[in-house]
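A structural walkthrough
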Amino acid sequence: MSSLRIAAPGDGRAVSRLASISLGGTLEGGAPLIEAIERQGGVVPIRFGQGSCIVAESEGHVIGMVYAVPPVDWLGTFPSDRAAALAPRILQIELLAVDPDHRETGIGQRLLEAVEELVRKQRGYLAIGKVQAGAFATMRFYRRRGYSIAGRGEPIVFGTGRGPLGISDVDDGYHLFAKAVQPGTKLSRDPQNNCIFLTTAQHSLDRGGVEVKGTPRPTLSSSRVG
Ligand SMILES: CC(C)(COP(=O)(O)OP(=O)(O)OC[C@H]1O[C@@H](n2cnc3c(N)ncnc32)[C@H](O)[C@@H]1OP(=O)(O)O)[C@@H](O)C(=O)NCCC(=O)NCCS
């Protein structure tokens with residue numbers, strides 16, 4: 001039986017191993033996250049808020065991890081007051097991995113759900129992430145858990161007090177995926193406007209004049225940990 005908790009000092013080595021699995025074998029730029037966990041645990045102050053590293057533990061061993069951050073690169077394209085207002089609305093799953101010996105028992109899903117709960121708690125709308133083009137098993141994993149996988153260049157659009165705004169990939173070989181996590185909200189594909197669109201129970205948001213900005217592929221360094 002496994003349990004979830006926020007990463008703590010001492011978890012750095014296990015998190016590092018799982019983080020490289022998540023990134024397909026490379027931990028480029030990952031040292032600051034591991035150092036931060038060893039210093040202060042899994043709540044890591046970063047630009048626009050904090051990164052959260054949640055681990056799954058079984059019999060004293062860390063066997064899974066997820067690391068979620070504000071979408072710092074995307075937020076960095078806005079003036080600082082607007083970025084601060086947008087920051088709590090979206091959390092980006094930067095890393096997710098389960099030890100190969102412990103897969104297919106629901107740990108990956110529970111880690112995802114923990115991130116979705118973080119988004120709801122900060123009164124945000126979207127859990128997002130990036131998946132490599134052609135990684136069909138991973139895409140299916142997310143799709144079966146309620147995530148929409150965007151086509152290349154297809155933005156995910158949502159309303160803001162200052163009009164609709166979109167987030168998309170930056171043509172880097174990755175697809176954006178996203179899930180609307182607040183009750184009464186959902187993402188729907190809008191083929192006419194070539195976007196995936198967040199609706200609420202109250203109303204459909206106006207899509208006219210959408211401003212779309214991209215977010216690059218996930219790397220630890222892009223989180224600007226520290
Ligand atoms: C994706 C991953 C976290 C799932 O962890 P898990 O604990 O096995 O997940 P669960 O037990 O909740 O669900 C198992 C599901 O994963 C699917 N799966 C199996 N191997 C997989 C793989 N290599 N990649 C993606 N999904 C996989 C199973 O088919 C199953 O899907 P289903 O229940 O919809 O049929 C785990 O396979 C993993 O660490 N993969 C490598 C790293 C990775 O791809 N991370 C995501 C980066 S975007």
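Here, residues in each chain are numbered from 1, in the same order as that chain's written sequence. Per-residue local features are limited, in this predicted model, to residues with pLDDT of at least 70; the limit for side-chain atom pairs, both in listing and counting, is 80 or more; totals at the level of whole chains, interfaces and linings are taken over all residues.

**Remarks on the sheet that holds strand 9 (residues 165–169)**
Strands pair, by our definition, only if DSSP identifies at least two bridges between them. Numbered from the N terminus, helices here are DSSP runs of H or I no shorter than four residues, and strands are runs of E no shorter than two. The strand order 11-12-8-9-13 describes an open sheet built from five strands, whose pairing is mixed. Since the sheet does not close on itself, it has two edges, and those belong to strand 11 (185–190) and strand 13 (211–215), each with one partner. Here the average twist between neighbouring strands, direction ignored, is 25 degrees. Where strand 8 (residues 156–158) meets strand 12 (residues 195–200), two bridges bridge the pair, whose relative direction is parallel. Among the inter-strand pairings, V157 is bridged to a residue of strand 12, identified as F197. For helices, the axis comes from a line fit to the C-alpha atoms of the stretch in contact; other axes are also lines fit to C-alpha atoms, and the angle between any two N-to-C directions lies between 0 and 180 degrees.

**Regarding helix 2 (residues 31–40)**
Counts of 20 or more other C-beta atoms within 10 Å of a residue's own C-beta define buried residues, counts of 12 or fewer define exposed ones, and intermediate counts define partly exposed ones; C-beta atoms are placed from the backbone. Along helix 2, the positions that sit buried rather than exposed are L33, I34, A36 and I37. Projected onto a plane normal to the axis of helix 2, the buried residues spread over an arc of 160 degrees and lie on a single side. Any two residues are considered in contact once their C-beta atoms, placed from the backbone, lie within 7 Å. In this structure, the buried side of helix 2 is in contact with helix 1 (12–22), strand 2 (43–46), strand 3 (49–58) and strand 4 (61–69). Remark: G41 follows helix 2 within two positions and exhibits a positive phi of approximately 95 degrees. The directions considered for the arc run from the helix axis to the C-beta atoms.

**Focus: the packing of helix 1 against helix 2**
Running from amino to carboxyl end, helix 1 crosses helix 2 at an angle of 155 degrees, the nearest separation of the two axes being 9 Å. Relative to helix 2, the element helix 1 lies roughly antiparallel. In the crossing of helix 1 with helix 2, the sense of the turn from one axis to the other is right-handed. Of helix 2, the residues touching helix 1 (which contributes G12, V15 and S16) are I34, I37 and E38. Working definition: roughly parallel below 35 degrees, roughly antiparallel above 145 degrees, roughly perpendicular at 65 to 115 degrees, and oblique for all remaining angles. Should the near helix be turned anticlockwise from the far one by less than a right angle, the crossing is termed left-handed; should it be turned clockwise, right-handed.

**So, the site of the ligand**
We call a residue near a molecule or strand if the C-beta atom, set from the backbone, is within 6 Å of it. By nearness alone, 18 residues border the ligand, and V98, R103, G108, Q109 and F141 come closest of all. Mapped by element, the contributors of at least two residues to the shell around the ligand are helix 1, strand 5 (90–98), helix 5 (107–121), strand 6 (126–132) and helix 6 (136–143). Think of it as three bins: nonpolar holds Ala, Val, Leu, Ile, Met, Phe, Trp, Tyr, Cys and Pro, charged holds Asp, Glu, Lys and Arg, and polar takes everything else, Gly as well. Residues that form the shell around the ligand fall into these classes: eight nonpolar, seven polar and three charged.

**Concerning helix 1**
Here helix 1 has its buried residues at G12, A14, V15, L18, A19 and S22. Buried positions in helix 1, seen along its axis, are confined to an arc of 155 degrees and lie on one side of it. Against helix 2, strand 3, strand 4 and strand 5 lie the buried residues of helix 1. Backbone geometry just after helix 1 places G24 at a positive phi near 75 degrees.

**Description of the confidence of the model for the chain**
The predictor attaches a confidence to each residue, and that confidence, scored 0 to 100, is pLDDT. Overall, the prediction assigns the chain a mean pLDDT of 90, with 90% of residues at 70 or greater. This stretch, residues 220–226, has a pLDDT under 50; its non-local contacts, to residues over four places away or in other chains, come to 26 contacts.

**Here's the deal with the pairing of strand 2**
Sheet topology places strand 2 next to strand 3; four bridges connect them, and they run antiparallel. For P45, the partnering residue across the bridge sits in strand 3 and is Q50. Hairpin connection of strand 2 to strand 3: two residues between the antiparallel strands, including F48 at a positive phi of 70 degrees.

**Observations regarding unusual backbone geometry**
Although it is not a glycine, F48 sits at a positive phi angle of roughly 70 degrees. Looking at the element boundaries, F48 is found in the loop between strand 2 and strand 3. A positive phi is found at N194, a non-glycine position, where the angle reads about 50 degrees. Structurally, N194 can be placed in the loop between strand 11 and strand 12. With 12 C-beta atoms packed within 10 Å, N194 lands in the exposed category.

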